[in-house]
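Summary of structural features
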Amino acid sequence: MTVYTLYIFDRNGTCLYYTEWNRKKQPGMSKDEEFKLMYGMIHSIKSFVHRIAPTDLRDGFSNFRTSRYKLNFYETPSGMKFIMTTDLTVGNIRDILHQIYSNIFVEYVVRNPQCELGQPITSELFQTKLDEFIRGLSIFPTRIS
């Protein structure tokens, strides 16, 4: 099991934070292009899922799988979007994404007077705490083959 990337978007589609751990293939485009593509895809999938759902969805879209990776999605009531790509063996990580939001993002960004909301996250403390959290998860490999 492994974690590849994490994106954090605000409600307006601005990528506030991006990091990668075990990403083996680069996308072949600029980071800005990648962020726009990711946000646009998430927006489209959410809209599609809500329109064709046979019942009222409480949580809506939470993940999708390709033949190579799994994209996991968590949206806060305020519209913050947390997107993590993992390998296919990782189960439901909605709780992990919620913990990143409530225990790390809120604590080290929202409550940090030096962090300006709506601006890219540059806090080293946030980055350190996030990295420690991810590396401590059972889904994070101790070594990559």
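The preceding data block contains the structure.
The shown structure was predicted, so the numbers you read here are calculated from the model rather than taken from an experiment.

Focus: the overall build of the protein chain
Counting secondary structure elements, the protein chain contains 3 helices and 5 strands. Sequence-ordered secondary structure for the protein chain, helices as α and strands as β, is β-β-α-β-β-β-α-α. Radius of gyration (C-alpha) of the protein chain: 15 Å, near the 15 Å computed for a compact globule of 145 residues. Seen along its three principal axes, the alpha-carbon backbone of the protein chain occupies a region of about 45 × 40 × 30 Å.

Remarks on the sheet that holds strand β2 (residues 15-20)
Taken in spatial order, the 5 strands line up as β2-β1-β5-β4-β3 in an open sheet, and their pairing is antiparallel. Strands at the two margins of the open sheet, each flanked by one partner only, are β2 and β3 (63-65). Sheet twist, expressed as the mean angle between neighbouring strand axes with direction ignored, is 10°. In terms of strand pairing, β3 meets strand β4 (residues 70-75) through 3 bridges, oriented antiparallel. Bridge pairing in β4 links phenylalanine 64 to leucine 71. Those strands touched by helix α2 (residues 94-110) are β1 (3-9), β4 and β5 (81-86), and its axis lies near 50° from that of β4.

Details of the side chain of asparagine 22
With respect to the helices, strands and loops of the structure, asparagine 22 is situated in the loop between β2 and α1 (31-52). A polar side-chain atom of asparagine 22 sits 3.2 Å from the main-chain carbonyl oxygen of valine 3.

Description of the pairing of β2
Counting buried residues in β2 gives 5 out of 6 residues, a clear majority hidden from the surface. Connecting β1 to the antiparallel partner β2 that follows it, the hairpin turn spans 5 residues, and glycine 13 within it adopts a positive phi of roughly 90°.

Some details on helix α3 (residues 124-135)
In this model α3 runs 16 Å from its N-terminal to its C-terminal C-alpha over 12 residues, within 8% of the 16 Å that 1.5 Å per residue would give. Within the span of α3, buried status applies to Phe126, Leu130 and Ile134. Buried positions in α3, seen along its axis, are confined to an arc of 60° and lie on one side of it. Against β1, β2, β5 and α2 lie the buried residues of α3.

Quick notes on the environment of histidine 50
Along the chain, the position of histidine 50 falls in helix α1. The spatial distance from the C-alpha of histidine 50 to the C-alpha of glycine 91 is 23 Å, given a sequence separation of 41 residues.

Some words on the pattern of salt bridges
Under the criterion given, the structure shown has 8 salt bridges. In this structure, the salt-bridge partner of glutamate 34 is arginine 23, at a minimum N-O distance of 2.9 Å. Linking glutamate 34 in helix α1 with arginine 23 in the loop between β2 and α1, this pair joins segments that are 11 residues apart in sequence. Residue classification places glutamate 34 among the buried positions, given a relative accessible area of 6%. Arginine 23 gets classed as partly exposed once you look at its relative accessible area, which sits at 21%. Where glutamate 34 meets lysine 31, a salt bridge forms, and the shortest distance between an N and an O atom there is 3.6 Å. Here lysine 31 and glutamate 34 lie together in helix α1, a separation of 3 residues that amounts to about one turn.

How each quantity is defined
Residues numbered from 1 in each chain as written. Predicted model: local features only at pLDDT ≥ 70, side-chain atom pairs only at ≥ 80, totals over all residues. Heavy atoms only, no water. Helix = DSSP H or I, 4+ residues; strand = E, 2+ residues; numbered from the N terminus. Rg over C-alpha atoms; globule rule 2.2 N^0.38 Å. Pairing = 2+ DSSP bridges. Axes fitted to C-alpha atoms, helices over the stretch in contact; angles between N-to-C directions. Contact = heavy atoms within 4.5 Å. Polar contact = N/O pair within 3.5 Å; in protein donor to acceptor, adjacent residues only side chain to side chain. Buried < 20%, exposed > 50% of the residue type's maximum accessible area, 1.4 Å probe, protein only. Expected span 1.5 Å × (residues − 1). Arc of directions from axis to C-beta. Salt bridge = Lys/Arg side-chain N within 4 Å of Asp/Glu carboxyl O.

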